[in-house]
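Listed here are the chains, written in short residue letters.
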Amino acid sequence: MTGLGIAQAVPPLAARATAIGGSPVREILAVTARPEVINFAGGLPAPELFDAEGIAAAFRDVLAHEPERALQYSTTEGEPVLRAALAERTTARGLPTDADDVLVTTGSQQALSLLATALVEPGDTVLVESPCYLAALQAFAFAGARVVAVPVDADGGGIDPDALDELVTRERPKLLYTVPTFQNPTGRTMAGERRAAVASVAARRGVWIVEDDPYGELRFEGERVPWIASYDGAQDRTVLLGSFSKVMAPGLRLGWLRAPAALLRACAVAKQAADLHTPTVNQLAAARYLADRDLDAHVARVAGVYRERRDAMLAGIADALPAGSTWTRPEGGMFLWARLPESYDTTALLRGVVEQGVAYVPGAPFYAGEPDPATLRLCFVTQTPDEIGEGLRRLAKGLR
Ligand code: PMP
């Protein structure tokens, strides 16, 4: 009879999972693993740019010189040497940070789950950008949140502060989740004055800001915009999330969060239940890498290559999309967002496009609120400029 109890417990979660992750889009995109498909859907950093040799050397060094430490259990908050290095990098970028302010996480995706556990009770409201990073929607949905979209202006300003103020007053959300720099999925960056305005609304109304920044270091042009966490009023109510996935390698599964002490403690308790700690050897190897190598120089090389790839996509996109389409022009990151004319439905069109040997992600799943079915996301960093050109020619055929 115990099976009955389990059967009763499973459906709500399973239903939440399939509503988001088990869609026909996922089935169509499964074929994009075939090598002949030019995959603009994936969102994968360019693997040929990984500093495999440097990372291998860091692992070898750690295992040769401190094997007993590297292979042992560690503390939940993270290896002190890595926390110190992350605090130093954050401070160097204008946000004074101590090692104690940092919690190392297993990818920044885990930081989202920990925050959902620490901050969200079932039924609580979470505000997100419209559109929003898909796996953040999943993390908040799994925690039982009611996820509400905040209007964002399309021409790059970012979250509309008046609309945010009104929503915060009406919905009393626990937190606002934002990817203000080179957002996934749109590639857009929130302007500085918007960041200040968002910080001021959060301070006035008492709401947490979760500022997710895995892409900010991948800037190809333009001026860096300071983190929301550094604006007046936001300092003690912003959680800043970082990751090595896009600047070192996603397979390391290394991310971190910077939060005020009480929230950091709550996240550490949640992390104990999740995985005790992030792999010690990976943390020590990353710290070794930061000490021995020049990560910033590596990131500058990667950004240079990504810039050429973005330019290749921008050069070919007008001919690939139907007349009347619009698209973003990201100053960094990995993604470009396009909107086809009104009558187009990118979900319905995907099968025919994949038959031509190219893939995108339809925009609809990225919306917490009313989806715009004419939108799509293209990742421009995984292929060479020639492959991008060919992919766009195939896309043109598929959309015809
Ligand atoms: N946040 C955003 C906005 C992302 O795009 C991603 C990765 N696609 C993540 C978090 C998770 O990254 P990771 O867990 O690899 O650090």
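Only a predicted model underlies this, so the values are computations on that prediction, with no experimental measurement involved.

Here is what the cut-offs are and how they apply
Residues numbered from 1 in each chain as written. Predicted model: local features only at pLDDT ≥ 70, side-chain atom pairs only at ≥ 80, totals over all residues. Heavy atoms only, no water. Near = heavy atom within 4 Å. Polar contact = N/O pair within 3.5 Å; in protein donor to acceptor, adjacent residues only side chain to side chain. Areas by Shrake-Rupley, 256 points an atom, 1.4 Å probe, with all protein chains shown as cover. Helix = DSSP H or I, 4+ residues; strand = E, 2+ residues; numbered from the N terminus. Nonpolar A, V, L, I, M, F, W, Y, C, P; charged D, E, K, R; others polar. Pairing = 2+ DSSP bridges. Phe/Tyr/Trp six-rings, centres within 6.5 Å; stacked < 30°, edge-to-face > 60°. Lys NZ or Arg CZ within 6 Å of the ring centre and 35° of its normal. Domains from an automatic or database assignment. Contact = heavy atoms within 4.5 Å. Salt bridge = Lys/Arg side-chain N within 4 Å of Asp/Glu carboxyl O. Core = buried A, V, L, I, M, F, W, Y, C linked by side-chain atoms within 4.5 Å. Buried < 20%, exposed > 50% of the residue type's maximum accessible area, 1.4 Å probe, protein only. Axes fitted to C-alpha atoms, helices over the stretch in contact; angles between N-to-C directions. Parallel < 35°, antiparallel > 145°, perpendicular 65-115°, else oblique. Left-handed = near helix turned anticlockwise from the far one by under 90°.

### As for the site of the ligand
- Taken together, 14 residues lie near the ligand, and Ser108, Asp212, Tyr215, Ser243 and Ser245 sit nearest.
- Taking tyrosine 215, its side chain carries an N or O atom lying 2.5 Å from an oxygen atom of the ligand.
- Residue serine 245 places a side-chain N or O atom 2.6 Å away from an oxygen atom belonging to the ligand.
- Protein chains bury 90% of the 400 Å² of accessible surface belonging to the ligand in isolation.
- In terms of residue count, helix α6 (residues 107-119) provides more of the shell around the ligand than any other element does, three residues in total.
- Its residues assigned to classes, the shell around the ligand shows five nonpolar, six polar and three charged.

### Topic: the sheet that holds strand β11 (residues 326-327)
- Ordered in space as β11-β12-β15-β14, the four strands form an open sheet in which the pairing is antiparallel. Two strands close off the open sheet at either side, each with one partner strand: β11 and β14 (361-362).

### Digging into the packing of aromatic side chains
- Under the defined criterion, the tally for this structure stands at six aromatic pairs.
- For the ring pair tyrosine 215 and phenylalanine 335, a centre distance of 5.8 Å and an interplane angle of 85 degrees mean the geometry is edge-to-face. Of the two residues, tyrosine 215 is situated in the loop between β8 (208-212) and β9 (238-243) and phenylalanine 335 in strand β12 (residues 335-339); the sequence distance between them amounts to 120 residues.
- An aromatic cluster is built from Trp337, Phe366 and Tyr367, whose rings are joined through pairwise contacts.
- In this structure, arginine 224 packs its charged tip against the face of tryptophan 227, placed 4.7 Å from the ring centre.

### Remarks on the domain arrangement of the protein chain
- Here the protein chain is partitioned into domain 1 (9-50 + 297-399) and domain 2 (54-292).
- If you average the C-alpha positions of domain 1 and of domain 2, the two centres end up 24 Å apart.
- Listed per partner, the contact involves 31 residues of domain 1 and 34 residues of domain 2.
- At the junction of domain 1 and domain 2, the tally comes to four salt bridges.
- Taking the shortest distance from any N to any O, the salt bridge between glutamate 221 and arginine 310 comes out at 3.1 Å.
- Summed over the shared surface of domain 1 and domain 2, the result is eleven residue pairs in polar contact (both at pLDDT 80 or more).
- Residue assignment for the side of domain 1 that touches domain 2 shows that the elements contributing at least two residues are α1 (2-21), α12 (295-320) and β12.
- A total of seven residues in the side of domain 1 that touches domain 2 trace back to one element, the largest contributor, which is α12.

### Considering the nonpolar core
- Phe244, Met248, Leu378 and Leu395 are the most contacted members of the largest nonpolar core, which totals 68 residues.
- It is α12 that provides the largest number of residues to this core, a total of ten residues.
- Each of domain 1 (9-50 + 297-399) and domain 2 (54-292) accounts for three or more of the residues forming this core.
- Excluding anything up to four places from it in sequence, phenylalanine 244 contacts Leu82, Leu86, Ala249, Leu254, Trp256, Ala286, Leu290 and Leu295.
- Core analysis: the second largest hydrophobic core is formed by 30 residues, Ala111, Leu112, Phe140 and Leu263 among them.

### With respect to the side chain of serine 108
- In this fold, serine 108 is placed in helix α6.
- Not counting residues within four places of it along the chain, the set of residues in contact with serine 108 comprises Asp212, Leu241, Gly242, Ser243 and Gly255.

### Structural notes on the pattern of salt bridges
- By the definition in use, this model includes 27 salt bridges.
- With its nearest N and O atoms 3.1 Å apart, the salt bridge here joins glutamate 217 to arginine 89. Of this pair, glutamate 217 sits in the loop between β8 and β9 while arginine 89 sits in helix α5 (residues 80-92), and the two are 128 residues apart along the sequence.
- For glutamate 217, a relative accessible area of 32% puts it in the partly exposed group.
- Salt bridges sharing partners connect three or more residues here, namely Glu221, Arg307, Arg310, Asp311 and Arg329.

### Comments concerning the packing of helix α13 (residues 346-355) against helix α14 (residues 385-399)
- Running from amino to carboxyl end, α13 crosses α14 at an angle of 125 degrees, the nearest separation of the two axes being 8 Å. When the interaxial angle is binned, α13 and α14 end up oblique. In this structure, α13 crosses over α14, and the sense of that crossing is right-handed. Contact with α13, carried on its side by Leu349, Gly352 and Val353, involves Leu395, Gly398 and Leu399 of α14 and no other residues of that element.
- A per-class count over the contact of α13 with α14 returns four nonpolar, two polar and no charged.

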